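Geometric and topological summary
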Amino acid sequence: MHWFNQDRFDVRLEWGTAAVRYAAKNVECIVIVDVMSFSTCVSIAVDNGAQVYPYPWKDASAIGFANNIGARLASFDRLSDRDGFSLSPASIRKIAEGEKLVLPSPNGSAISFLARDVDTDVTVFSGCFRNLSQTAMACRDFKRILVIPCGERWPDGTLRPATEDYAAAGGIIAAIGHDRCSPEAAGAVAAWQQLNLLSLRECASALELQQRGFQEDVDLCLDLDSAQWACQLQGDFYAAGS
């Protein structure tokens, strides 16, 4: 057992892409939490009956990937195309049933892309505030669970731990109800119990969206338990889970 992989605990938590590389061994279930905004976009799309294909790179390869599977490609910049689809949850509200959408992002999407290849027997979910209870319910039959708050990026590309992801991860862990949580997972539960959604409207990620003119996205991202479905990665795409 490595000191960092939390093997002695049933419910574990670790941050970002490194969590997939170093802490995802010997788990049955992975929950990827990127509240602002990948996981919220996925939840809205899945509730509408659409399929979301995570893709890690915002470049020409994403265009080729979307063309190969007959899917629409979300805009790389939510400011550049307010009439199409992007990482703006408000833009996803109009997605149609049966539509396929490639949604690139450097955090939730990139981590989903890595997680799908960890082990064919690992079940992967995308979690956020709006599907918190549905995600926890879908995870309760798994014994060994890794929850990954994705965080954001500093301008230099390094990981910026994001309070909203940590709190949502803690809420999902608390709702799952397993006793054997690692200290890392228990810390997130404590954060969930101490914070409230109103205070998260002033977290760094929310302020960034507000300053860019996306107040509606903040509202959607902090909308607790409004989803109908958990979002399960089924091969290459997210769809409604059990």
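Computed from a predicted structure; not experimentally measured.

1. Description of the overall build of the protein
- Counting secondary structure elements, the protein contains eleven helices and eleven strands.
- Its C-alpha atoms give the protein a radius of gyration of 16 Å, within 12% of the compact-globule value 18 Å for 242 residues.
- Principal axes of the C-alpha set define a box for the protein whose edges measure 45 × 40 × 35 Å.
- Split into buried and exposed, the 242 residues of the protein put 54% on the buried side.
- Sequence separation of 24 or more characterises 75% of the internal contacts of the protein that already satisfy a separation of 6 or more.

2. Points about the packing of helix H1 (residues 16–23) against helix H5 (residues 108–115)
- Contact pair H1 / H5: the axes reach a minimum separation of 9 Å and the direction vectors enclose 15°. One way to sum up the angle between H1 and H5 is to call them roughly parallel. Pair H1 / H5 crosses with right-handed handedness. Residue-level contacts link Gly 16, Thr 17, Val 20 and Arg 21 of H1 to Ile 111, Leu 114 and Ala 115 of H5.
- Grouping the constituent residues of the contact of H1 with H5 by class yields four nonpolar, two polar and one charged.

3. As for the packing of aromatic side chains
- Counting across every chain of the model gives twelve aromatic pairs.
- Judged by centre distance (5.8 Å) and plane angle (80°), the ring pair of Phe 4 and Tyr 22 falls under edge-to-face. Here Phe 4 is found in the segment before strand S1 (11–13), whereas its partner Tyr 22 is found in helix H1, with 18 residues between them in sequence.
- Centroid distance Trp 15 to Tyr 166: 5.8 Å. Interplanar angle 25°. Geometry classified as stacked. Here Trp 15, found in the loop between S1 and H1, pairs with Tyr 166, found in helix H7 (residues 163–176); they are 151 residues apart in sequence, far enough to count as distant.
- Relative accessible area serves as the criterion here: at 18%, Trp 15 is assigned to the buried category.
- Ring pairs connect the aromatic residues Tyr 53, Tyr 55, Trp 57, Phe 65, Phe 113 and Phe 237, which therefore count as one cluster.
- Lying over the aromatic face of Phe 214, Arg 78 brings its terminal NZ or CZ to 5.4 Å of the ring centre.
- Here Arg 116 stacks its cationic end above the ring of Phe 113, 4.0 Å away from the centre of that ring.

4. What about the state of the cysteines?
- If you walk through the whole model with that rule in mind, you get zero disulfides.
- Of all cysteine sulfurs, the one in Cys 139 lies closest to Cys 29, which takes part in no disulfide; the gap is 3.6 Å.
- This cysteine, Cys 150, is not joined by any disulfide, and Cys 128 carries the nearest cysteine sulfur, 11 Å off.
- Relative accessible area serves as the criterion here: at 1%, Cys 150 is assigned to the buried category.

5. Considerations on the pairing of strand S10 (residues 231–234)
- Bridge count between strand S6 (residues 123–127) and S10: two bridges; the pairing is antiparallel. Looking at S10, one finds that Phe 125 is bridged to Gln 232.

6. Some remarks on the pairing of S6
- Where burial is concerned, most of S6 is hidden: five out of the five residues are buried.
- Of the two faces of S6, the one carrying Thr 123, Phe 125 and Gly 127 and the one carrying Val 124 and Ser 126 are both buried.
- Of the strand pairs in this sheet, strand S2 (residues 29–33) and S6 are connected by five bridges, and their pairing is parallel. By the bridge assignment for S6, Ile 30 is matched with Val 124.

7. Observations regarding the packing of helix H6 (residues 132–139) against H7
- Packing of H6 against H7 brings their axes to within 8 Å, and their N-to-C directions diverge by 50°. Relative to H7, the element H6 is oriented oblique. Between H6 and H7 the crossing geometry is right-handed. Within the contact between the two elements, H6 uses Leu 132, Thr 135, Ala 136 and Cys 139 and H7 uses Ala 168, Gly 171, Ile 172, Ala 175 and Ile 176.

8. What to know about H7
- With 14 residues, H7 extends 20 Å from end C-alpha to end C-alpha; this agrees with the ideal 20 Å at 1.5 Å per step.
- Here H7 lies mainly inside the structure; ten of its 14 residues are buried.
- For H7, the complete set of buried residues consists of Glu 164, Asp 165, Ala 167, Ala 168, Ala 169, Gly 170, Gly 171, Ile 172, Ile 173 and Ile 176.
- Phi for Gly 177, located one or two positions after H7, is positive at around 90°.

Scoring rules and cut-offs
Residues numbered from 1 in each chain as written. Predicted model: local features only at pLDDT ≥ 70, side-chain atom pairs only at ≥ 80, totals over all residues. Heavy atoms only, no water. Helix = DSSP H or I, 4+ residues; strand = E, 2+ residues; numbered from the N terminus. Rg over C-alpha atoms; globule rule 2.2 N^0.38 Å. Buried < 20%, exposed > 50% of the residue type's maximum accessible area, 1.4 Å probe, protein only. Contact = heavy atoms within 4.5 Å. Axes fitted to C-alpha atoms, helices over the stretch in contact; angles between N-to-C directions. Parallel < 35°, antiparallel > 145°, perpendicular 65-115°, else oblique. Left-handed = near helix turned anticlockwise from the far one by under 90°. Nonpolar A, V, L, I, M, F, W, Y, C, P; charged D, E, K, R; others polar. Phe/Tyr/Trp six-rings, centres within 6.5 Å; stacked < 30°, edge-to-face > 60°. Lys NZ or Arg CZ within 6 Å of the ring centre and 35° of its normal. Disulfide = S-S within 2.5 Å. Pairing = 2+ DSSP bridges. Expected span 1.5 Å × (residues − 1).

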